[in-house]
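Okay, here's what each chain looks like letter by letter:
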Amino acid sequence: MNYKEFEDHICRVYGLSRHMKRPRLQWTGKGKNNMDKLCSLDKCPKKFKPILSQSKFIKSDAIDEEGNLYEIRKYSEKQLKTYRLYSEPIIKVAPSRNKWKGGNPFFDAFKDKEEYNSFIENITTTKWWKRYSNIILDSITHSNRGIYCKDGFIPQSKLTFKWVINKGEFGNIFDGYNRLCIVFKLKDSVEEVIEFKKPKKSVLEFIKDLLR
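Residues numbered from 1 in each chain as written. Predicted model: local features only at pLDDT ≥ 70, side-chain atom pairs only at ≥ 80, totals over all residues. Heavy atoms only, no water.

**Here we look at the sheet that holds strand 3 (residues 69-72)**
And then number 1: Taken together, 5 strands build an open sheet; the order of strands is 1-2-3-5-6 and the sheet is mixed. Whereas interior strands pair on both sides, the edge strands pair on one side only; in this sheet they are strand 1 (17-21) and strand 6 (152-155). Adjacent strand axes in the sheet meet at a mean angle of 35 degrees when their direction is disregarded.
And then number 2: Where strand 5 (residues 146-149) meets strand 6, 4 bridges bridge the pair, whose relative direction is antiparallel. Residue pairing for strand 6: isoleucine 147 is matched across the bridge by isoleucine 154. (Pairing = 2+ DSSP bridges. Helix = DSSP H or I, 4+ residues; strand = E, 2+ residues; numbered from the N terminus. Axes fitted to C-alpha atoms, helices over the stretch in contact; angles between N-to-C directions.)

**Digging into the packing of aromatic side chains**
And then number 1: Tallied over the entire structure, the rule returns 16 aromatic pairs.
And then number 2: Geometrically, the ring pair formed by tryptophan 128 and tryptophan 129 is edge-to-face, given 5.8 Å between the ring centres and 80 degrees between the ring planes.
And then number 3: Residue tryptophan 128 is classed as buried on the basis of its relative accessible area of 5%.
And then number 4: Residue class for tryptophan 129 comes out buried when judged on its relative accessible area of 7%.
And then number 5: Measuring from ring centre to ring centre gives 5.0 Å for tyrosine 148 and phenylalanine 153, while their planes differ by 55 degrees; the resulting arrangement is tilted. With respect to burial, tyrosine 148 and phenylalanine 153 carry one shared label: buried.
And then number 6: Members of the aromatic cluster, connected to one another through ring pairs, are Trp27, Phe48, Phe110, Tyr116, Phe119, Trp128, Trp129, Trp163 and Tyr177.
And then number 7: Over the ring of tyrosine 86 we find lysine 59; its NZ or CZ atom is 5.1 Å from the centre of that ring.
And then number 8: Across the ring face of tyrosine 83, the terminal group of lysine 162 is positioned such that the distance to the ring centre comes to 4.2 Å. (Phe/Tyr/Trp six-rings, centres within 6.5 Å; stacked < 30°, edge-to-face > 60°. Buried < 20%, exposed > 50% of the residue type's maximum accessible area, 1.4 Å probe, protein only. Lys NZ or Arg CZ within 6 Å of the ring centre and 35° of its normal.)

Structure (C-alpha cells):
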C-alpha cells in the first residue's frame, strides 16, 4: 500500500481521525514570505531569528476521541534502528525547476547552492540557535503522544530526536540545496518487541472517564 493508504489503514484500525498539522515558524524581518524577510535582513543568519511567541509547533497526522495527537510513519521497527527523517526543513528553497532563476526574488535570493548551504550552516552557529534550537525541537516532537509505525505504537519515551543538515542522506533535497531538518530513531536502550496496540491512557483520560 502507498503512504496515504497506510495512514488510512492505521486510522481505520485504531479508530483515529485524520488531523494534519505541521509546524510553522514565524521569522523576524519584513516581507510577505520568509525569503522577503531574509533579504530585508541582508541574509544575515544572526538577524534572521524565529519569533517563538508567534510560531506554531504542533505536528500530527491523526487524533483520537480524547483529542490526543499522533504521527504516522511507514517505517518498520528494524528501519527505526537508524535515524530517519521526521520533519520538513524549518526553511527551504525548493521551487519548481521551470521557475528557478526566472527573475523571481523568492527563488533568486541566493546566487547559488554554495551561498545557500553556507547560510544554513551558519544558522547552527548563531547564539539564538544555541539558545532556542532544543526548545523548538522539543516543542515540535512532544506536540504529539508518539508514532504509529508498521510494527506498533511507539511512545515518545522510546524515541530520540535531533537536528541535522540533510545533504541527501535522509531524504531527497532540491538540486543540492541542503535542508535543516529533524530526524528520529528508537532509543538504543529499547530492545523489547513493540506490540501493535493503542497507547495507555493518560492520567487526564482516566480522570475524564471517572467523571462521566
